[in-house]
Amino acid sequence: MTVDEAIGAAGCPDALRPALRGCLTGELPVASALTRLLIQAESGRALTGLLDALDTTIAPGEIAARRRLQALRRMHAAHPAAWDTLQAVLGEVRHDAAIGDEAQAVEAFARAFDRAAGVSPEASVALHSFGDAGRLALATAEVVRRMAEWGLLGPDRTVLDLGCGIGRFAAALAGRVRRVVGLDISARMVAEARRRCAGLANVEIRRTSGRDLAGIADGSVDTILAADSFPYLVLAGPALVRRHVEEAARVLGPGGHLLILNHSYRGDDEADRRELADLAAETGFRLRRVGTRPFALWDGLAFHLVRGR
């Protein structure tokens, strides 16, 4: 019996099949697969039942698939409240459409993230953390390691954390760079980020309008990190996306880096690659990474743009 046949024999709903298949074939990290399953599942208990059933339908000889299934089951069992947490966060922050015009959309997202941070600070910035501070720290550290490997950090560098959320990256980057400036539209997230970064003299957290990078001087930044912030710009409209890429070009010095982790949540990777390739060409950036998946703990799509000299 193939993996697809085993999934079918377990009675898997159609909506859950892509994530399960991705996990069992190794195409998706276990945490990412579980995140997608929790989003789509009827309940946490229903997902447990499905994984139990799948354990009886996968052939003993499918050693790799069985190993991944057991990892998935263990992770699910270790986070019994994850379904409730994710559903509560998603109930506050919509990923399908923005409300009204650009200004209304930005304000709606600001209020939504205020509420989501009240549900779970960790899950509000990374659903794949399941609200677990330890998991969030591991995933954050992995991104920071990649940034260092790619030459985006250094003791003489200034980093702009665009959409800094609760300050997880600002805190993690502080010891590796000269200065970190974190921007976010949510008052509650800004307050949480300031709490987490208290005592870090080289970290500044500001509340931003979400419309531009006003207040950041021309050529004053070496690296911009935008982790899961561009999807909300996309939802608010193409003009806001373009303005932020143009603003990034303004505040970055020659050879500066713009690292976008997830451009949208529309599920069309090729469309994201085309859109950012066009924007890069039109705004003076070179694309160094065009929608790669460089992380083991998360399936975020990485776009690395370098400002022309």
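Nothing here was measured: the structure is a model prediction, and the numbers come from that model.

**Re the overall build of the protein chain**
Piece 1. Within the protein chain one finds 14 helices and seven strands.
Piece 2. Over its C-alpha atoms the protein chain spans a radius of gyration of 20 Å, differing by no more than 12% from the 19 Å that the globule rule assigns to 309 residues.
Piece 3. Counting only C-alpha atoms and orienting by the principal axes, one finds that the protein chain spans roughly 60 × 40 × 35 Å.
Piece 4. The buried share of the protein chain, taken over its 309 residues, is 51%.
Piece 5. Counted over contacts in the protein chain with a minimum sequence separation of 6, partners at least 24 positions apart contribute 67%.
Piece 6. Accessible area of the protein chain: about 13100 Å², with a carbon and sulfur share of 50%.

**Regarding the sheet that holds strand 6 (residues 285-292)**
Piece 1. Spatially, 3-2-1-4-5-7-6 is the arrangement adopted by the seven strands of the open sheet, whose pairing is mixed. Taken across any chain shown, the strands that pair with only one partner, and hence form the sheet edges, are strand 3 (203-207) and strand 6. The average angle at which neighbouring strand axes cross in this sheet is 15 degrees, direction not considered.
Piece 2. Judged from the six bridges that link them, strand 1 (residues 154-162) and strand 2 (residues 177-184) form a sheet pairing that is parallel. Residue pairing for strand 2: Val159 is matched across the bridge by Val180.
Piece 3. Packed on one face of the sheet, helix 11 (residues 187-196) meets strand 2 and strand 3 and runs near 165 degrees to strand 3.

**Digging into the side chain of His244**
Piece 1. Along the chain, His244 falls in helix 13 (residues 238-251).
Piece 2. For His244, a relative accessible area of 4% gives the class buried.

**Digging into the pairing of strand 2**
Piece 1. For strand 2, the buried fraction is high: six of the eight residues fall into the buried class.
Piece 2. Looking at chain direction, strand 2 and strand 3 are connected through five bridges and run parallel. Residue pairing for strand 3: Val181 is matched across the bridge by Glu204.
Piece 3. For the handedness criterion, the β-α-β arrangement of strand 2, helix 11 and strand 3 is classed as right-handed.

**A word on unusual backbone geometry**
Piece 1. For Phe130, which is not a glycine, the phi torsion comes out positive at approximately 60 degrees.
Piece 2. Assignment of secondary structure puts Phe130 in the loop between helix 8 (121-125) and helix 9 (133-149).
Piece 3. One non-glycine residue, Asn262, adopts positive backbone phi at about 80 degrees.

**Some thoughts on the packing of aromatic side chains**
Piece 1. According to the stated counting rule, one finds four aromatic pairs in the structure shown.
Piece 2. Here the aromatic rings of Tyr232 and Tyr265 are separated by 5.8 Å at their centres, their planes lie at 85 degrees, and the arrangement is edge-to-face. Note that Tyr232 is positioned in helix 12 (residues 230-236) and Tyr265 in the loop between strand 5 (252-261) and helix 14 (269-283), a separation of 33 residues in sequence.
Piece 3. Overall, the relative accessible area of 10% leaves Tyr232 in the buried class.

**What to know about the pattern of salt bridges**
Two side chains with opposite charge may pair up if their charged atoms get near one another.
Piece 1. All told, the structure shown has 27 salt bridges when counted by the stated rule.
Piece 2. Salt-bridge contacts for Arg21 lead to Asp4; the nearest nitrogen and oxygen are separated by 3.1 Å. In this pair, Arg21 is assigned in helix 2 (residues 17-25) and Asp4 in helix 1 (residues 3-9), connecting sequence segments 17 residues apart.
Piece 3. Here Asp4 falls in the partly exposed class, since its relative accessible area comes to 42%.
Piece 4. Residue Glu270 pairs with Arg273 through a salt bridge whose shortest N-O separation is 2.6 Å. Of the two residues, Glu270 and Arg273 are both situated in helix 14; the distance of three residues between them amounts to about one turn of the helix.
Piece 5. Here the salt bridges do not stand alone but share partners, grouping Asp52, Asp55, Arg66 and Arg73 into one network.

**So, helix 2**
Piece 1. Every buried residue of helix 2 is listed here: Ala19, Leu20, Gly22, Cys23 and Leu24.
Piece 2. Here the buried face of helix 2 lies against helix 1, helix 3 (30-40), helix 4 (44-57) and helix 5 (63-78).
Piece 3. Trailing helix 2 by a residue or two, Gly26 shows a phi angle of about 85 degrees, which is positive.

**Here's the deal with the environment of Ala116**
Piece 1. When you line up the elements, Ala116 lands in helix 7 (residues 102-119).
Piece 2. Between the C-alpha atom of Ala116 and that of Val89, which follows or precedes it by 27 residues, the distance is 5.2 Å.
Piece 3. Ala116 has contacts with Val89, Glu92, Val93 and Ser124, leaving out every residue within four places of it along the chain.

**Considering the nonpolar core**
Generally speaking, soluble globular proteins have nonpolar side chains that are buried together.
Piece 1. In this structure, Leu20, Leu47, Leu54, Ile224 and Phe285 are the most contacted members of the largest nonpolar core, which totals 76 residues.
Piece 2. Broken down by element, the residue count for this core peaks at eight residues, all from helix 7.
Piece 3. Among residues more than four places away in sequence, those in contact with Leu47 are Leu16, Leu34, Leu37, Leu38, Ala41 and His76.
Piece 4. If you look at the next biggest cluster of nonpolar residues, it comprises 26 residues, including Ala170, Leu173, Cys197 and Leu261.

Cut-offs applied
Residues numbered from 1 in each chain as written. Predicted model: local features only at pLDDT ≥ 70, side-chain atom pairs only at ≥ 80, totals over all residues. Heavy atoms only, no water. Helix = DSSP H or I, 4+ residues; strand = E, 2+ residues; numbered from the N terminus. Rg over C-alpha atoms; globule rule 2.2 N^0.38 Å. Buried < 20%, exposed > 50% of the residue type's maximum accessible area, 1.4 Å probe, protein only. Contact = heavy atoms within 4.5 Å. Areas by Shrake-Rupley, 256 points an atom, 1.4 Å probe, with all protein chains shown as cover. Pairing = 2+ DSSP bridges. Axes fitted to C-alpha atoms, helices over the stretch in contact; angles between N-to-C directions. Right-handed = clockwise from strand over helix to strand, strands pointing away. Phe/Tyr/Trp six-rings, centres within 6.5 Å; stacked < 30°, edge-to-face > 60°. Salt bridge = Lys/Arg side-chain N within 4 Å of Asp/Glu carboxyl O. Core = buried A, V, L, I, M, F, W, Y, C linked by side-chain atoms within 4.5 Å.

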